[in-house]
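So the chains spell out like this:
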Amino acid sequence: MNILISTIVRNEAKFLPKWYEQLKRTVQENPEVNFFLSVLENDSTDDSGKILAQFDYLFFQSYLISTAKYNTPYFIGGKHPTRTELLAFFRNKTIYNCEMLNQSDRVIVIEPDIVFST
């Protein structure tokens, strides 16, 4: 099985080390699965982009880490229509703008600020 993991990042620097360790553990604990990773960091004003660039992603079959400046408004939670549109736009970029989707059987969305169990 091939699984594409999608993550969008904006001002998540404090969560990224835990996110990375969880991803690494997930891949290591499931050697029968080929994992791909697609991350888009956008408009962060903290060190999110720098932290993402420092991680070693070689345990993935393939990966794409993108950073972009769109100068979009920043929202903290809620269901504002513009926030929802932006989340969908950036999420779709991590999924549909990477060639790994064509090789994937499943897509998993993993946000940087959650704790999960494999």
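Residues numbered from 1 in each chain as written. Predicted model: local features only at pLDDT ≥ 70, side-chain atom pairs only at ≥ 80, totals over all residues. Heavy atoms only, no water.

**Student:** Can you help me understand the overall build of the protein in this one?
**Tutor:** Counting secondary structure elements, the protein contains three helices and four strands. Beginning at the N terminus, the succession of helices and strands in the protein can be written as β-α-β-α-β-α-β. Relative to its length of 118 residues, the protein is compact, with a C-alpha radius of gyration of 14 Å against a globular reference of 13 Å. With respect to the three principal axes, the spread of C-alpha positions in the protein is 40 × 30 × 25 Å. Residue pairs at least 24 apart in sequence account for 83% of intrachain contacts in the protein once pairs closer than 6 positions are excluded. (Helix = DSSP H or I, 4+ residues; strand = E, 2+ residues; numbered from the N terminus. Rg over C-alpha atoms; globule rule 2.2 N^0.38 Å. Contact = heavy atoms within 4.5 Å.)

**Student:** Just to check I follow, could you spell out the environment of Lys24 for this structure?
**Tutor:** With respect to the element layout, Lys24 can be found in helix H1 (residues 16–29). With relative accessibility at 27%, the residue Lys24 sits in the partly exposed group. Linking Lys24 and Ser117, residues 93 residues apart in sequence, is a C-alpha distance of 12 Å. (Buried < 20%, exposed > 50% of the residue type's maximum accessible area, 1.4 Å probe, protein only.)

**Student:** Teacher, can you tell me more about the packing of aromatic side chains here?
**Tutor:** The relation between two aromatic rings is expressed through the spacing of the ring centres and the mutual angle of the planes. With the rule as written, the count across this model stands at 10 aromatic pairs. Relative to Tyr63, the ring of Tyr57 lies with its centre 5.2 Å away and its plane at 40°, an arrangement referred to as tilted. Since its relative accessible area comes to 3%, Tyr57 is described here as buried. Judged by its relative accessible area of 37%, Tyr63 is partly exposed. Following the ring pairs from residue to residue traces out a cluster consisting of Trp19, Tyr20, Phe55, Tyr57, Phe59, Phe60 and Tyr63. (Phe/Tyr/Trp six-rings, centres within 6.5 Å; stacked < 30°, edge-to-face > 60°.)

**Student:** Where do I start with the sheet that holds strand E4 (residues 106–109) in this structure?
**Tutor:** Backbone-to-backbone hydrogen bonds join strands into a sheet, with any given pair of strands oriented parallel or antiparallel. Taken together, four strands build an open sheet; the order of strands is E3-E2-E1-E4 and the sheet is parallel. Each of the sheet's edge strands pairs with one partner strand only, and the pair in question is strand E3 (62–68) and E4. For this sheet, the mean angle separating the axes of adjacent strands, direction not counted, is 15°. Note that strand E1 (residues 2–9) and strand E2 (residues 34–42) share eight bridges and pair parallel. Following the sheet pairing, Val9 is matched in E2 by Glu41. Its contacts with the sheet place H1 against E1 and E2, and it is angled at close to 165° to E2. Contacts between helix H3 (residues 81–96) and the sheet are confined to E1, E2 and E4, with E1 contributing the most and set at about 140° to the helix. (Pairing = 2+ DSSP bridges. Axes fitted to C-alpha atoms, helices over the stretch in contact; angles between N-to-C directions.)

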